Amino acid sequence: MAVQDFEAALQKRRTIYALGNTSPISDEQIVSLVQDTVKHVPSAFNNQSARVVVLFGEESKKLWNIVLETLRKIVPADNFSSTEEKIAGFAAGHGTILYFDDAAVTDSLKEQFKLYADNFDPWAEQANGMVQHAVWVALAQAGLGASLQHYNPLIDDEVKSTFGLPAAWRLRAQMPFGAVAAPAGDKDFAPIEDRVKVFGLND
Ligand SMILES: Cc1cc2nc3c(=O)[nH]c(=O)nc-3n(C[C@H](O)[C@H](O)[C@H](O)COP(=O)(O)O)c2cc1C
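Residues numbered from 1 in each chain as written. Predicted model: local features only at pLDDT ≥ 70, side-chain atom pairs only at ≥ 80, totals over all residues. Heavy atoms only, no water.

## Digging into the packing of helix α1 (residues 3–12) against helix α6 (residues 120–141)
Packing of α1 against α6 brings their axes to within 8 Å, and their N-to-C directions diverge by 95°. Here α1 is positioned roughly perpendicular relative to α6, judged by the angle of their axes. Here α1 contributes Ala-9, Leu-10 and Lys-12 to the contact with α6, which in turn contributes His-133, Val-137, Ala-140 and Gln-141. For the contact of α1 with α6, the class distribution of residues is four nonpolar, two polar and one charged. (Axes fitted to C-alpha atoms, helices over the stretch in contact; angles between N-to-C directions. Helix = DSSP H or I, 4+ residues; strand = E, 2+ residues; numbered from the N terminus. Parallel < 35°, antiparallel > 145°, perpendicular 65-115°, else oblique. Contact = heavy atoms within 4.5 Å. Nonpolar A, V, L, I, M, F, W, Y, C, P; charged D, E, K, R; others polar.)

## Notes on the packing of aromatic side chains
Evaluated as defined, the whole model comprises 11 aromatic pairs. Summarising the aromatic geometry, the rings of Phe-56 and Phe-177 are spaced 6.2 Å apart at their centres and angled 90° between planes, so their arrangement reads as edge-to-face. With Phe-56 in strand β2 (residues 50–56) and Phe-177 in strand β5 (residues 169–180), this residue pair connects regions lying 121 residues apart in the sequence. This pair shows no difference in class: Phe-56 is buried, exactly as Phe-177 is. Seen in terms of ring centroids, Phe-113 and Phe-120 are 6.3 Å apart; in terms of plane orientation they differ by 40°. Their pairing is tilted. When the ring centre of Trp-136 is taken as origin, the NZ or CZ atom of Arg-13, which lies over that ring, is 4.3 Å away. (Phe/Tyr/Trp six-rings, centres within 6.5 Å; stacked < 30°, edge-to-face > 60°. Buried < 20%, exposed > 50% of the residue type's maximum accessible area, 1.4 Å probe, protein only. Lys NZ or Arg CZ within 6 Å of the ring centre and 35° of its normal.)

## A few points about the pattern of salt bridges
One pass over the structure, following the stated rule, counts 10 salt bridges. For the salt bridge of Arg-72 with Glu-84, the shortest nitrogen-to-oxygen distance reads 3.8 Å. Within this pair, whereas Arg-72 is found in helix α3 (residues 57–72), its partner Glu-84 is found in helix α4 (residues 80–91), the two being separated by 12 residues in sequence. Residue classification places Glu-84 among the partly exposed residues on the basis of a relative accessible area of 34%. Across the pair Asp-107 and Lys-110 runs a salt bridge whose closest N-O atoms are separated by 3.0 Å. Of this pair, Asp-107 and Lys-110 both sit in helix α5 (residues 103–112), separated by three residues, roughly a single helical turn. (Salt bridge = Lys/Arg side-chain N within 4 Å of Asp/Glu carboxyl O.)

## Regarding the environment of Val-137
Position of Val-137 among the secondary structure elements: in helix α6. Measuring from C-alpha to C-alpha, the distance between Val-137 and Phe-6 comes to 9.7 Å, with 131 residues separating the pair along the chain. Filtering out sequence-adjacent residues up to four positions away, Val-137 remains in contact with Ala-9, Leu-10 and Arg-13.

## Re the pairing of β5
Of all 12 residues that make up β5, nine are buried, and the element is covered over most of its length. By the bridge criterion, eight bridges tie strand β3 (residues 95–102) to β5 in an arrangement that is antiparallel. Within β5, the residue paired with Thr-96 across the bridge is Pro-176. When strand β4 (residues 144–146) meets β5, the two strands line up antiparallel, connected through three bridges. When the sheet's bridge partners are listed, Gly-145 is paired in β5 with Gly-178. (Pairing = 2+ DSSP bridges.)

Okay, here's the thing in structure tokens:
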């Protein structure tokens, strides 16, 4: 792959809120793409503490119903219709990817390597973010739209009990995905010179 192809793939990934329930690739291909990505994204000390759950169809709808009913208990009733609409948009997709960190792994590393104990939580977040981004880019390359949502920790316990997941898994993000029903909106970019400093160019 030429480096330009990689840059084009990065640019193709956008936040897509308008999702359809179909997919240009098979569910097996989606699972395989997620597995390959999770496998090859790096982690601190190669600890591989990121965990991912892929929900398709009705299982994905179950997730968004948990979100809806959890929010119904805390969002004032007169504001709830916009929340309901937003959640329905996520539920309308083809599926959802849940990102977790396995605290059993991260916490045992804190014990094992006391000198770096304070670093393992931020490292786990960084590695999880890398997985999220890589999967998002891969989905976009496959022609799927996706967005990144954060209803954790409100929904964690119910999600874990519904899908039978280990208690030690900490939910970090939810990524609804599906056919691109409408393109992403415009995006502002801060001046790149303020964000990337270069020294010793062509030294
Ligand atoms: C760490 C992180 C957290 C985000 N959280 C949310 C979120 O909770 N809800 C949401 O709709 N978008 C969320 N986003 C998406 C950003 O708003 C979006 O990526 C940004 O506006 C740039 O737009 P783009 O994704 O189309 O490039 C998040 C993105 C990142 C990287």
